[in-house]
Amino acid sequence: MKNKSKWLTQIWISLFLSLLVIVLTLEIFFTIVPLKEFEQNHIDERFLRRGPIDIRDKSEVIILEITQETYDGLPHPYNIWPWPRIIFSKIIENLNEAGAKVIGIDLIMSNQDRLSPLNDSSLVAAIKKYKNVIVAGKVEDATATTIQTGEDGETVYKEKFLIRKTDFDYNNIFFRADSGIGLVNVTSDHDGVFRRYLPFIYSPTSERLVPTFGFAVLNKYFALPNNHLALNEKNYFVLQEISIPKFDDISLLINFYGPSRTFRHENLLNVLDDSDFNTHDEIFYGTEINTWEDSAYQSLFKDKIVLIGSTMPEDKDILPIAFAKGEKKGDNLIYGVEFHANAIQNIISKDFLVKESMRTELLLIFLLTFLSFFSTSYFKNLKSKYGLLIEMLNLSMMIGLIFVIREFSFFLFQEKNYVIALVSPSLSIILGYFGSTAYNFIGEKRQKAVIKGMFSHYVNPTIVDELVTNPEKLKLGGENKFLTVFFSDIVGFSTFSEKKSPEDLVKFLNEYLSSMTNLVFINKGTLDKYIGDAVMAFWGAPIPIENHAYLACSTALQMQAELVKLRKKWETEGETLIEVRMGINTGNMVVGNVGGKERFDYTVMGDNVNLASRLEGANKEYGTLIMISESTYDEIKEHFLCRELDLIIVKGKSKPIKVYELISYIEQPQSENMLESLNEYNLGLDCYKNRNFLGALKYFSSSLILNPSDAPSKVYLERCELFLDSPPAENWDGVFTLTRK
């Protein structure tokens, strides 16, 4: 029955964690931007891993670019922007003679020709004549829109991408020539990168949806009406019976073929340079070049979509995209005309990126959360002397599983054009692991409570003697005294205890606690209580002792020496070897009998008692075994070798305290390497306090060379590296805040 209840509890916890992952990652109620950006960045990593696709000679799209060379090749007055529109009418004429299928002009022409209205008329005539030209429109403050069909067959608009300011010509006076216009507005993701393409945008001014530039070009390519809109179905946009997978409600994910200049680029000047047009060089040198007269060159454009656009940086039509060369920061930039080219070619070639379905993602979330939670619980419940190794193996499996999912996402992307989520499955594994760890940690706490009850009737003989002499002390209450209090705890007791039967655990604890308690009594200390495997003792009451801080520190060092002996014995018996952390503090605290009339304990309490407990736990942060407060250090510094560790704020407090590591008796001989290592450490600590992190890094590195096992030097080495990369605030005071007990 108990096991069934435990299993049900674990199932409910796993379900809760799965729902938490769904809420955090699937944007049901809100978007967590860092998680969203992490997912988007992983899309970029997949493009980087896949590399470019050679599309230059297979593409249906050619980019006719306007470069500085184009400007330099035009004679005056054609070389001043905006160019006379007759330039573009001639381009349209020549491209159509060569058999171009569609011409898209990715340039905004919102004003009349600067030289003559006849030039505008010439361009209008060319557009009307060939009816295969799309001009670019642009709107202000755009947002996207979805369109669905209602139950009664009427069109229902759901505003998500709204044109807020526009005229009926969409900022292009040539819109009315053929009504062939495409909006060049594009939308970026949270991180400013452009990955998605919208099929249409809704204009409340004209009260209709308008195709985006790429889709308007495709309308011409497929001989569809100018204002034709891709059908908006549940999971697809449909154009000319081509189902285009949705990435979200309003867009598709572009499958970028490569970086800038992946598509064939031709200079606009070459198309313009026929026998009727003289370029600047032809005029200057008096020689006819006539690049366009080459029939082989003209054949490049036959049946092609030709996009005309600027590739000059100063025109600022540059977009950061998901594809990067990976050579340096910022090499993921392409020109706007190339952005449209990628989307157009995706649809023609059906090179779509398909996002995994919501159902698949939900299934993976539940599956991985349960797998992570129950596998972690299984490993934590294994009773073995190799508990640490098993825990490392379990953690490695979780990390490995995330790595496998990541690598599998690369494979699916490269081989199948399939995009799976990485954040939600990874978070499922992480929360499953930590959820199981927390669940077992609570079980450990309960187990410690049981062990505490086993020893709750333990009475210190010193207290008994004092009470026999002074029976008035049996009354409830206490008095404020200047004392030294001590806490100790076995490292990794939960894992250790899980490997033993209750009988063996009691036997082991009896031996360990007896040895430690004996040393407390030898040094005139008072055993306050056992808290599971933890020992709490104090010095200076009920019998006053002047050198209570000295005796407490002596006890701690003697305990560590006794543990060395015990470990040798335990090793021969096949026992797991343990380490014990200790914390000592000196100060004013309340001491006396506390409890009810029928049952009370002689104990100490107060902030200084709590601080000693926190110092025991704080050893974890520095890899030390005995940590003492500054007040204790001031009492014993003439008798013991110590070193300053840090200025910390323990959990639950706001005032910083200085803490030290207790190393040995001052007269105890130390190796030369040890002493030199401590000296280097102290020099490093001085540099660290003065924000000289580079100098501190040098000294801590030197300390580790002399004493490779010196954990505090490793801690400060990592901090210095962190602060060199991300310097602390100007008002940094060197205080380190502990966030755990």
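Residues numbered from 1 in each chain as written. Predicted model: local features only at pLDDT ≥ 70, side-chain atom pairs only at ≥ 80, totals over all residues. Heavy atoms only, no water.

Peer 1: Is there a simple way to explain the overall build of the chain in this structure?
Peer 2: Tallying secondary structure elements over the chain gives 23 helices and 28 strands in all. Evaluated residue by residue, the chain yields a buried proportion of 51% over its 741 residues. When the accessible surface of the chain is summed, it comes to about 36,000 Å², and 55% of that surface belongs to carbon and sulfur atoms. (Helix = DSSP H or I, 4+ residues; strand = E, 2+ residues; numbered from the N terminus. Buried < 20%, exposed > 50% of the residue type's maximum accessible area, 1.4 Å probe, protein only. Areas by Shrake-Rupley, 256 points an atom, 1.4 Å probe, with all protein chains shown as cover.)

Peer 1: How should I be thinking about the sheet that holds strand S6 (residues 181–183) in this particular structure?
Peer 2: Whether parallel or antiparallel, the strands of a sheet pair through hydrogen bonds between backbone atoms. Taken in spatial order, the six strands line up as S6-S3-S2-S15-S1-S14 in an open sheet, and their pairing is parallel. The outermost strands of the open sheet, each flanked by one partner alone, are S6 and strand S14 (264–267). Each neighbouring strand pair of the sheet contributes to a mean axis angle of 25 degrees, computed without reference to strand direction. Pairing geometry for strand S2 (residues 102–105) and strand S3 (residues 133–137), over three bridges, is parallel. Looking at S3, one finds that Ile105 is bridged to Val135. On top of the sheet, helix H4 (residues 86–97) reaches strand S1 (61–66), S2, S3 and strand S15 (305–310); it is set at about 160 degrees to S2, its chief contact. Its contacts with the sheet put helix H11 (residues 336–349) on S1, S14 and S15, and the angle it makes with S15 is roughly 160 degrees. (Pairing = 2+ DSSP bridges. Axes fitted to C-alpha atoms, helices over the stretch in contact; angles between N-to-C directions. Contact = heavy atoms within 4.5 Å.)

Peer 1: What exactly am I supposed to notice about the pairing of strand S12 (residues 242–245) here?
Peer 2: Walk down a regular strand and you will see the side chains alternate between the two sheet faces. Looking at chain direction, strand S11 (residues 236–239) and S12 are connected through four bridges and run antiparallel. Its bridge partner being in S12, Tyr236 is matched across the sheet by Pro245. In this antiparallel pair of consecutive strands, S11 and S12, the connection spans two residues, and Gln240 shows a positive phi of 50 degrees.

Peer 1: Can you help me understand unusual backbone geometry in this one?
Peer 2: Peptide bonds are trans in most cases, and residues, glycine excluded, mostly fall at negative phi. In this chain, His76 is followed by Pro77 through a cis amide linkage whose omega measures 10 degrees. As for its position among the elements, Pro77 is in the loop between helix H3 (68–73) and H4. Residue Pro82 follows Trp81 across a cis peptide bond; omega there is 0 degrees. Here Pro82 shows up in the loop between H3 and H4. The phi torsion at Lys316 lies on the positive side, around 60 degrees, for a residue other than glycine. Checked against the element boundaries, Lys316 lands in the loop between S15 and strand S16 (318–320). Residue class for Lys316 comes out exposed when judged on its relative accessible area of 71%. The phi angle at Lys350 is positive, at roughly 60 degrees, despite the residue not being glycine.

Peer 1: When you look at helix H21 (residues 672–689) in this model, what are you seeing that I'm missing?
Peer 2: Helical geometry: 3.6 residues make up each α-helical turn, so side chains three or four residues apart lie on a common side. With 18 residues, H21 extends 26 Å between its outermost C-alpha atoms, agreeing within 8% with the 26 Å of an ideal straight helix rising 1.5 Å per residue. Where H21 is concerned, the buried positions are Met674, Ser677, Leu678, Glu680, Tyr681, Gly684, Leu685, Cys687 and Tyr688. Residues of H21 that are buried make contact with strand S26 (640–649), strand S27 (657–665), helix H22 (693–706) and helix H23 (711–725). Two residues or fewer after H21 comes Arg691, characterised by a positive phi angle close to 65 degrees. (Expected span 1.5 Å × (residues − 1).)

Peer 1: Explain the packing of H22 against H23 here, please?
Peer 2: Between two packed helices, what matters for the description is the angle formed by their axes and the separation of those axes. With their axes 9 Å apart at the nearest point, H22 and H23 run at an angle of 155 degrees to one another. When the axis of H22 is compared with that of H23, the two are roughly antiparallel. The element H22 and its partner H23 pack so that their crossing is left-handed. Contact residues: H22 offers Phe693, Leu694, Ala696, Leu697, Phe700, Ser701, Ser703 and Leu704, while H23 offers Ser713, Lys714, Tyr716, Leu717, Cys720, Glu721, Phe723 and Leu724. Split into classes, the residues belonging to the contact of H22 with H23 amount to eleven nonpolar, three polar and two charged. (Parallel < 35°, antiparallel > 145°, perpendicular 65-115°, else oblique. Left-handed = near helix turned anticlockwise from the far one by under 90°. Nonpolar A, V, L, I, M, F, W, Y, C, P; charged D, E, K, R; others polar.)

Peer 1: Please clarify how the pattern of salt bridges should be interpreted in this entry.
Peer 2: Side chains bearing opposite charge may pair, as long as their charged atoms lie close to each other. Taken as a whole, this structure holds 25 salt bridges when the rule is applied. Here Arg195 makes a salt bridge to Asp189, at a shortest N to O gap of 2.9 Å. Look at Asp189 and you get buried, because its relative accessible area is 12%. Residues Arg264 and Glu266 are paired through a salt bridge, measuring 3.2 Å at the closest nitrogen-oxygen approach. Across the pair, Glu266 and Arg264 agree in class, each one buried. Each member of the salt-bridge network shares a partner with another, and the members are Asp44, Asp189, Asp191, Arg195, Arg196 and Asp248. (Salt bridge = Lys/Arg side-chain N within 4 Å of Asp/Glu carboxyl O.)

Peer 1: What should I look at first to understand the state of the cysteines in this one?
Peer 2: Simply put, the disulfide is a covalent bond whose two ends are the sulfur atoms of two cysteines. On inspection of all chains with the given rule, the structure shows zero disulfides. In this structure Cys687 is not part of a disulfide, and its nearest cysteine sulfur, from Cys720, lies 8.7 Å away. (Disulfide = S-S within 2.5 Å.)

Peer 1: Even after reading the chapter, I still don't get the pairing of S2, so can you show me in this structure?
Peer 2: Covered by surrounding structure in S2 are Val102 and Gly104 together with Ile103 and Ile105, the residues of both alternating faces. In the sheet, S2 pairs with S15 via four bridges, with the strands oriented parallel. Residue pairing for S15: Gly104 is matched across the bridge by Leu307. What joins S2 to S3 is helix H5 (residues 117–130), and the crossover it makes is right-handed. (Right-handed = clockwise from strand over helix to strand, strands pointing away.)

Peer 1: Hey, could you run me through the packing of aromatic side chains in this one?
Peer 2: Counting across every chain of the model gives 44 aromatic pairs. Their ring planes at 70 degrees and their centres at 5.6 Å tell us that Tyr378 and Phe379 sit as a pair that is edge-to-face. Residue Phe379 is classed as buried on the basis of its relative accessible area of 16%. Relative to Phe411, the ring of Phe408 has its centre 6.2 Å away and its plane inclined at 20 degrees; by these criteria the two rings are stacked. Of the two residues, Phe408 and Phe411 both sit in helix H13 (residues 387–416), three residues apart, roughly one turn of that helix. On the accessibility criterion, Phe411 (44% relative accessible area) is partly exposed. Directly above the ring of Phe247 sits Lys355, whose terminal nitrogen or CZ lies 4.8 Å from the centroid. The ring of Tyr681 has Arg643 sitting right over it, with the charged end atom 4.4 Å from the ring centre. (Phe/Tyr/Trp six-rings, centres within 6.5 Å; stacked < 30°, edge-to-face > 60°. Lys NZ or Arg CZ within 6 Å of the ring centre and 35° of its normal.)

Peer 1: When you look at the side chain of Arg719 in this model, what are you seeing that I'm missing?
Peer 2: Relative to the assigned elements, Arg719 resides in helix H23. Taking relative accessible area as the criterion, Arg719 reaches 10% and is therefore assigned buried. Polar side-chain contacts of Arg719 include one of 3.4 Å to the side chain of Tyr622. Beyond its immediate sequence surroundings of up to four residues, Arg719 is in contact with Tyr622, Asp646, Tyr688 and Phe736. (Polar contact = N/O pair within 3.5 Å; in protein donor to acceptor, adjacent residues only side chain to side chain.)

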